[in-house]
Amino acid sequence: MTDLQNAYALNGPDDCARLYADWAASYDTGFAADMDYRLPAHVAAAFLSHGGTGPILDVGAGTGLLAQHLRSFGCTARIDALDLSPQMLDRAREKRLYSSLFAADVTQTLDLPDRYCGITSSGTFTHGHVGPQALDQLEAVARPGALFALSINTGVFTAKGFDAALARRTAVTLLETPIYGSASKDTAHAADRAMIALWRHPG
């Protein structure tokens, strides 16, 4: 199976940790480049265009692709990284995009030293990864009025109950977007799409 197929077949945080430990070194030059991975740019653009401000928590930050786009689009706010994989965070640390990096399981209570005005995520809510139960954990570390911009793979949006979880939140905007660009080398997944869910935490 390809790396992406392995990722979609994950079952729980232990599987995730093992895969991403092995994947970290080649993630940018392999997966992101070969798949023409555009989703981080789309999430960054949506967050900023809807008035997103910092401090920002980048959830499932991986190697820092979303933060790279936030910076390239002119964002100067503080960005912290949260990811299950210390190995992925090690690669992100090399890019010097983040003020702090936290290795944690987003499905569990998050013990972070700050609360955030922006919560972003690209690629975390997808096949074999994190379900909607994590939304409550993220809202617990958000300040009142914080803007959320989270991508959710359309293949799990209804099947895993994200639609129902978002229906319980107020004034959610959903933007459908391609995950990969036209240069993707994986014909099986090149047409995959995601919803970017945007809403403000009522506090």
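Each remark here, short or long, concerns the structure printed above.
Heads up: these notes are all about the structure in this document.

Conventions and cut-offs
Residues numbered from 1 in each chain as written. Predicted model: local features only at pLDDT ≥ 70, side-chain atom pairs only at ≥ 80, totals over all residues. Heavy atoms only, no water. Helix = DSSP H or I, 4+ residues; strand = E, 2+ residues; numbered from the N terminus. Polar contact = N/O pair within 3.5 Å; in protein donor to acceptor, adjacent residues only side chain to side chain. Buried < 20%, exposed > 50% of the residue type's maximum accessible area, 1.4 Å probe, protein only. Pairing = 2+ DSSP bridges. Salt bridge = Lys/Arg side-chain N within 4 Å of Asp/Glu carboxyl O. Axes fitted to C-alpha atoms, helices over the stretch in contact; angles between N-to-C directions. Contact = heavy atoms within 4.5 Å. Right-handed = clockwise from strand over helix to strand, strands pointing away.

### Some points on the side chain of threonine 124
With respect to the helices and strands, threonine 124 occurs in strand S4 (residues 116-125). A polar side-chain atom of threonine 124 sits 3.0 Å from a polar atom in the side chain of serine 121.

### A look at the pairing of strand S5 (residues 142-153)
Where burial is concerned, most of S5 is hidden: nine out of the 12 residues are buried. With six bridges joining them, S4 and S5 adopt parallel strand pairing. Within the sheet, the bridge partner assigned to phenylalanine 125 lies in S5 and is isoleucine 152. In this sheet, strand S7 (residues 193-200) lies alongside S5 in antiparallel orientation, the contact comprising seven bridges. Bridge pairing in S7 places leucine 147 opposite arginine 200.

### Comments concerning the pattern of salt bridges
Under the definition given, this model contains nine salt bridges. Measuring nitrogen to oxygen at the nearest pair gives 2.9 Å for the salt bridge that ties arginine 78 to aspartate 114. You can see arginine 78 sitting in the loop between helix H5 (65-72) and strand S2 (79-83) and its partner aspartate 114 sitting in the loop between strand S3 (101-103) and S4, a full 36 residues away along the chain. Residue classification places arginine 78 among the partly exposed positions, given a relative accessible area of 33%. With relative accessibility at 22%, the residue aspartate 114 sits in the partly exposed group. For arginine 169, the salt bridge identified is with glutamate 139, shortest N-O distance 2.9 Å. Pair noted here: arginine 169 is in the loop between helix H9 (162-167) and strand S6 (173-178) and glutamate 139 is in helix H7 (residues 134-139), with a separation of 30 residues, a long-range link. Here arginine 169 falls in the buried class, since its relative accessible area comes to 13%. By sharing partners, the salt bridges in this structure join Arg78, Asp80, Asp114 and Arg143 into a single network.

### A word on the sheet that holds strand S1 (residues 56-59)
Hydrogen bonds along the backbone pair up the strands of a sheet, which may run parallel or antiparallel. Judged by pairing direction, the sheet is mixed, and its seven strands sit side by side in the order S3-S2-S1-S4-S5-S7-S6 without closing on themselves. Each edge of the open sheet carries a strand with a single partner, namely S3 and S6. Averaged over neighbouring strand pairs, the angle between their axes works out to 15 degrees when direction is ignored. Two elements, S2 and S3, share three bridges in a ladder whose sense is parallel. Looking at S3, one finds that alanine 81 is bridged to leucine 101.

### Brief notes about the environment of histidine 201
The topology assignment puts histidine 201 in the segment after S7. Considered as a pair, histidine 201 and alanine 142 are 59 residues apart in the sequence and their alpha carbons are 7.0 Å apart. Not counting chain neighbours up to four residues away, the residues in contact with histidine 201 comprise Glu139, Ala142, Arg143, Pro144, Gly145, Ala146 and Phe148.

### A few points about the pairing of S2
Within S2, five of the five residues are buried, which leaves the element mostly enclosed by the surrounding structure. With burial as the criterion, each face of S2 is covered, one bearing Ile79, Ala81 and Asp83 and the other bearing Asp80 and Leu82. Relative to S2, S1 runs parallel, the two being bridged by four bridges. Counterpart to valine 59 in the pairing with S2 is leucine 82. For the segment spanning S1, H5 and S2, crossover handedness is right-handed. The β-α-β motif built from S2, the intervening helix H6 (residues 86-95) and the parallel element S3 has right-handed crossover chirality.

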